[in-house]
Amino acid sequence: MAGPGCSGKVAIELNPENADRFINCCLAVLKESGFRRIALFGESDSNGVNEDFVAFNNVLTVAITLGLTFAEAMLLPDKAVRYYKQETLKGEYAPFLAQRITEEENKVNMQTWITSIPPETLSSLLNCLISVQYKIAENTIQINAILQILQWLTNNTSGVNQNQFERALVLMNGDIETQQAPSTQWESFKVSWRKLALFIKKYGDNKKEDEYEFNKNCAELCKNMTLYKVITSNPAFTMTDYICFYNGDDLDAHTKEIRDQLKDKLRTQQYTSIEWKTDAI
């Protein structure tokens, strides 16, 4: 407080340790709430966009891609954060991002980051890492980074990171505001998983060890989802179609009805159940 006639300046210092604790606290709350947006970020606008949550994810993304601490990323102006996020998620930056994820000196901190970040952030990282590079070695390091991420997510047996992975794959194919219908989310999960699988399959090692690791992790991370395939052939062309849906019972009546409709389609068109493996696509 200051009385009449007093003047002065107010200085605010950002304590790096406290800033990191604050962000870690936010991530912990998000994880405990099933990665739903918490009251801290306020309400969404008429278009379903929560600007505070978007800004939060922008800072997280920039911190990971540039190798900054939470506090360092928070010190960047908003314009700089948005610029760096856009630039570091471009395809040509993917090898540098992959190298940062897989470097031995970064692994402990990076594992903590990856297993804690919201799906909105993870989806952006995965989309970047499947960008095809001209140099074989760069595709290889991106595959190593993808496999490392999947291993970290699989190591958590609580199921929290499994949910994180499921939602991240949905968001790789578009924001959640445009994917409210369960069938749309299931379709996006399938589409994004195939993008990851095809990248591993095409650019993985000749001994298929990369495919083996990918398949092993996906067997755990995708176990809540069921995948079906049908091949239609005629003299002119051969077409392959896939259907994916959630196989748990914790669904409301309307969503179960949607799933039952998909199951009816499976029976009438002779779809075959397949595993979440690269050799099945």
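Right above here is the structure, for reference.
Residues numbered from 1 in each chain as written. Predicted model: local features only at pLDDT ≥ 70, side-chain atom pairs only at ≥ 80, totals over all residues. Heavy atoms only, no water.

> Would you explain the sheet that holds strand β3 (residues 272–274) in this entry?
By way of backbone hydrogen bonds, the strands of a sheet pair with one another, either parallel or antiparallel. Taking strand neighbours across the sheet as the criterion, the three strands line up as β2-β1-β3 in an open arrangement whose pairing is antiparallel. Looking at strand neighbours, the two that pair on one side only are β2 (238–246) and β3, the edges of this open sheet. This sheet shows a mean twist of 35 degrees between the axes of neighbouring strands, independent of strand direction. Here nine bridges tie strand β1 (residues 225–233) to β2, and the two strands are oriented antiparallel to one another. Following the sheet pairing, Val 230 is matched in β2 by Asp 241. Docked against the sheet, helix α10 (residues 182–203) engages β1 and β2, running at close to 120 degrees with respect to β2. Contacting β1 and β2, helix α12 (residues 253–268) runs over the sheet at an angle of about 150 degrees to β2. (Pairing = 2+ DSSP bridges. Helix = DSSP H or I, 4+ residues; strand = E, 2+ residues; numbered from the N terminus. Axes fitted to C-alpha atoms, helices over the stretch in contact; angles between N-to-C directions. Contact = heavy atoms within 4.5 Å.)

> Quick question: what am I supposed to make of the pattern of salt bridges here?
Any two side chains of opposite charge can pair if their charged atoms end up close together. The tally for this structure, following the rule as stated, stands at nine salt bridges. We note a salt bridge from Glu 104 to Lys 107, for which the minimum N-O separation is 3.3 Å. A relative accessible area of 61% means that Glu 104 is categorised as exposed. Residues Asp 264 and Arg 267 are paired through a salt bridge, measuring 2.3 Å at the closest nitrogen-oxygen approach. A residue pair is termed a helical-turn pair when its members lie 3 or 4 positions apart in one helix, as Asp 264 and Arg 267 do in helix α12 at three residues. (Salt bridge = Lys/Arg side-chain N within 4 Å of Asp/Glu carboxyl O. Buried < 20%, exposed > 50% of the residue type's maximum accessible area, 1.4 Å probe, protein only.)

> Would you mind showing me how to read the state of the cysteines here?
Inspection of every chain in the model, using the stated rule, returns zero disulfides. No disulfide involves Cys 222; its nearest neighbouring cysteine sulfur is the one of Cys 218, lying 4.4 Å away. What makes Cys 222 buried here is its relative accessible area of 0%. (Disulfide = S-S within 2.5 Å.)

> Looking at this structure, I do not really get the nonpolar core. What am I missing?
Buried together is how nonpolar side chains tend to be arranged in soluble globular proteins. Among the nonpolar cores identified, the biggest contains 67 residues, and Ile 114, Phe 189, Trp 193, Phe 214 and Trp 276 are the most heavily contacted of them. No other element matches the eight residues that helix α8 (residues 136–155) contributes to this core. Contacts of Trp 276, omitting those with residues within four sequence positions, involve Phe 189, Trp 193, Asn 215, Cys 218, Cys 222, Met 225, Thr 226, Leu 227 and Cys 244. (Core = buried A, V, L, I, M, F, W, Y, C linked by side-chain atoms within 4.5 Å.)

> I tried to follow the environment of Gln 270 on my own but got confused; where do I start?
Take Gln 270: it is sitting in the loop between α12 and β3. A relative accessible area of 66% means that Gln 270 is categorised as exposed. When the C-alpha atoms of Gln 270 and Tyr 228 are compared, they prove to be 9.6 Å apart, with 42 residues separating the residues in sequence.

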